[in-house]
Every structure is written in structure tokens, then in C-alpha cells.
Protein chains: 2
Amino acid sequence: MFRMNIRETLSANLKRYRRERGVSQEELAHLAEIDRTYISSLERCQYAASIEVVDRLAKALEVQAADLLKSLD
Amino acid sequence: MFRMNIRETLSANLKRYRRERGVSQEELAHLAEIDRTYISSLERCQYAASIEVVDRLAKALEVQAADLLKSLD
DNA sequence: TTGTGACTTCCAGTCCGTC
DNA sequence: CGACGGACTGGAAGTCACA
């Protein structure tokens, strides 16, 4: 009945991997060289990130870019 | 030695799935409701697409968004 | 059938904050 | 530590004509 959209999927994966790694938004921001407030925005589904941002986040979290878009059915 | 960047990965997956399905850029454009020339641009790695564009292309090709970002090592 | 250049619009993404 | 605001810039998003 309810299906997550792609922003929500990214948000959920991002939060999950970030917490698994035990890093704060700010630390992740530094690792991925992305603005701190922007990561906060992504976790709140405010923007549709580009694949380059997804890729940098993936590298910082040591996963594949594809992993951040995997749907959680 | 040589590693594909994320734009090239998307481009390769896009071409591969599109040809597997036997659809032209124009047909895919119609299915995904994206301009044909924009799809052409993505296959030539001109832009870093947003995850929403990736998601629409994935649905049109009947795959997961994550599949379009899977690296081909 | 696809590539390309030129163009415009609008949002992704940055940087400064406060709470 | 994270949510949230405003102001700003560059690049993605989208369209067209033509090769």
C-alpha cells in the first residue's frame, strides 16, 4: 500500500549506515566533503541529491553507491 | 588501474538495460517522461543526474534505481 | 536513430547563522 | 548533536533546431 519514494529511501539508508558507523552528520560531512547542513537536509528528504553526492557519501560510509538507493521493502 | 566514475557507471548501465529491452533513446524518453536529448546527454556522461531522474529511468526499464548505479567491476 | 550547441529556468548545494 | 532559516551560486533540468 505505502511505497517509499527515492528521497525517503536514500534518507533511510543514509541514517542507517551513518549510525552503524557511529559517525555524526558533521563527521560524515567532513569525510564526504559535503556541507553539514546539506546532509541534514538529505536525511529530512528535502532535496533530490545528484549521483555524485550519493557516490561521495557512499565512499565515506564504505559502501557502494547502489547500496544507498536499495529499497527497503 | 582504471576505475569508472559514477557518471560512467550510470551511462553504461543505462545503455545496457535499454538495449536489453530493445528500446531507443526516444522510446525510453517517452516511457520515463524525460526529454530524448537529456537521455542522450546522460549516456554521454554530461551531467550528474539526480536520484529522481535515475528513479524514473529505472521504473521505465523495470529495474531498481540501485541497479542503475551498480558498478561493473 | 542519436549527437550536439545554444539557451533558459529552477533547484541542488554552500555558507552564514540560531535554537 | 541535529533541525531549521535566509541568501547566494553553479549546474541539472528541460526545450529546440539541425547535423
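This text goes with the structure placed above it.
All values reported here derive from a predicted model rather than from experimental measurement.

(A) The protein's contact with DNA strand D, seen in detail. Around DNA strand D lies a shell of 17 residues, among which R18 and Q25 of chain A together with T37, Y38 and S50 of chain B are the nearest. Each atom of DNA strand D within 4 Å of the protein was assigned to sugar, phosphate or base; sugar and phosphate come to 70%. Contacts to DNA strand D include R18 of chain A, whose side-chain N or O atom sits 2.7 Å from a phosphate oxygen. Between DNA strand D and R44 of chain A there is a distance of 3.4 Å, counted from a phosphate oxygen to a side-chain nitrogen or oxygen. Elements with a contribution of two residues or more to the surface near DNA strand D: α3 (36-43) of chain A together with α3 (36-43) and α4 (51-61) of chain B. Split into classes, the residues belonging to the surface near DNA strand D amount to five nonpolar, six polar and six charged.

(B) Focus on the environment of S50 of chain A. As for its position among the elements, S50 of chain A is in the loop between α3 and α4 (51-61). Separated by 43 residues in sequence, S50 of chain A and R7 of chain A have C-alpha atoms that sit 11 Å apart.

(C) Structural detail: the nonpolar core. Core analysis: the biggest nonpolar cluster contains 47 residues, and V54, L57, L68 and L69 of chain A together with L57, L68 and L69 of chain B have the highest contact counts within it. The greatest single-element share of this core, amounting to seven residues, is contributed by α4 of chain B. Discounting chain neighbours no more than four positions away, the residues touching L57 of chain A are L14, L28, A32, I34, I39, L42 and L68 of chain A.

(D) Layout of the protein's contact with DNA strand C. Neighbouring residues of DNA strand C: 19 residues in total, closest Y38, Y47 and S50 of chain A together with Q25 and R36 of chain B. For DNA strand C, the backbone makes up 61% of the atoms found within 4 Å of the protein, where backbone means sugar plus phosphate. Here a phosphate oxygen of DNA strand C sits 2.8 Å away from a polar atom, N or O, in the side chain of S40 of chain B.

(E) Quick peek at the interface of chain B and chain A. Between chain B and chain A, the contact holds 16 residues from the first and 16 residues from the second. Buried surface at the junction of chain B and chain A, summed over both partners, amounts to about 1,500 Å²; 69% is from carbon and sulfur atoms. Among the residues of chain B in contact with chain A, I6, I51 and L69 of chain B are the three that bury the most area, contributing 41% of the side total. At the junction of chain B and chain A, the tally comes to two salt bridges. Note that R7 of chain A is salt-bridged to E52 of chain B, the shortest N-O span being 2.7 Å. Viewed at the interface, chain A and chain B are joined by six residue pairs in polar contact (both at pLDDT 80 or more). Counting only elements with at least two residues in the side of chain B that touches chain A, the list comes to α1 (6-21), α4 and α5 (65-69) of chain B.

(F) Focus on the relation of the copies chain B and chain A. By a simple turn and slide, chain B fits onto chain A: the slide is 0.1 Å along the axis, the RMSD is 0.1 Å, and the turn is 180°. In the structure described here, the two chain copies are related by an operation that fits a two-fold rotation axis. For chain B, the minimum C-alpha distance to the rotation axis belongs to S50 of chain B and amounts to 1.9 Å.

(G) Representation of helix α2 (residues 25-32) of chain B within the structure. All names here are of chain B. Every buried residue belonging to α2 is among L28, A29 and A32, and all of these are buried. For α2, the angular spread of the buried residues around the axis is 105°, confining them to a single face. Within α2, the exposed residues directed more than 90 degrees away from the buried face are E26, H30 and L31. In this structure, the buried residues of α2 make contact with α1, α3 and α4.

Cut-offs and rules
- Every residue gets a number counted from 1 within its own chain, in the order that chain's sequence is written.
- For this description, chains carry letters from A and ligands carry numbers from 1, given in the order in which they are written.
- The model is predicted, so local features are restricted to residues of pLDDT at least 70 and side-chain atom pairs to those at 80 or more, both for listing and for counting; the totals for chains, interfaces and linings are taken over all residues.
- Processing note: side-chain calculations cover all non-hydrogen atoms of the structure and skip hydrogens and water entirely.
- Near, as used in this document, describes a residue that has one of its heavy atoms within 4 Å of the molecule or strand being considered.
- The definition of a polar contact used here is a pair of N or O atoms within 3.5 Å, where within protein one atom must be able to donate a hydrogen and the other to accept one, and adjacent residues in sequence count solely through side-chain atom pairs.
- Helix and strand assignments come from DSSP, with helices taken as H or I runs of at least 4 residues and strands as E runs of at least 2, each series counted from the N terminus.
- Note that Gly is not counted as nonpolar here; it falls among the polar residues with everything else outside the nonpolar set of Ala, Val, Leu, Ile, Met, Phe, Trp, Tyr, Cys and Pro and the charged set of Asp, Glu, Lys and Arg.
- Nonpolar cores are built from buried Ala, Val, Leu, Ile, Met, Phe, Trp, Tyr and Cys residues. Side-chain atoms within 4.5 Å join them into one set.
- For every residue, the accessible area (1.4 Å probe, protein chains only) is compared with the maximum for its type, and the residue is labelled buried under 20%, exposed over 50%, or partly exposed between those bounds.
- Any pair of residues with heavy atoms lying within 4.5 Å of one another is described as a contacting pair.
- Accessible area that two parts lose when put together, evaluated with a 1.4 Å probe and summed over both, is termed the buried area.
- Here a salt bridge means any side-chain nitrogen of Lys or Arg lying within 4 Å of a carboxyl oxygen belonging to Asp or Glu.
- A least-squares fit on C-alpha atoms brings the copies together, and the residues used are those whose pLDDT is at least 70 in both copies.
- As used here, the arc is the angular range of directions from the helix axis to the C-beta atoms.

Nothing here speaks to function; it is geometry throughout.
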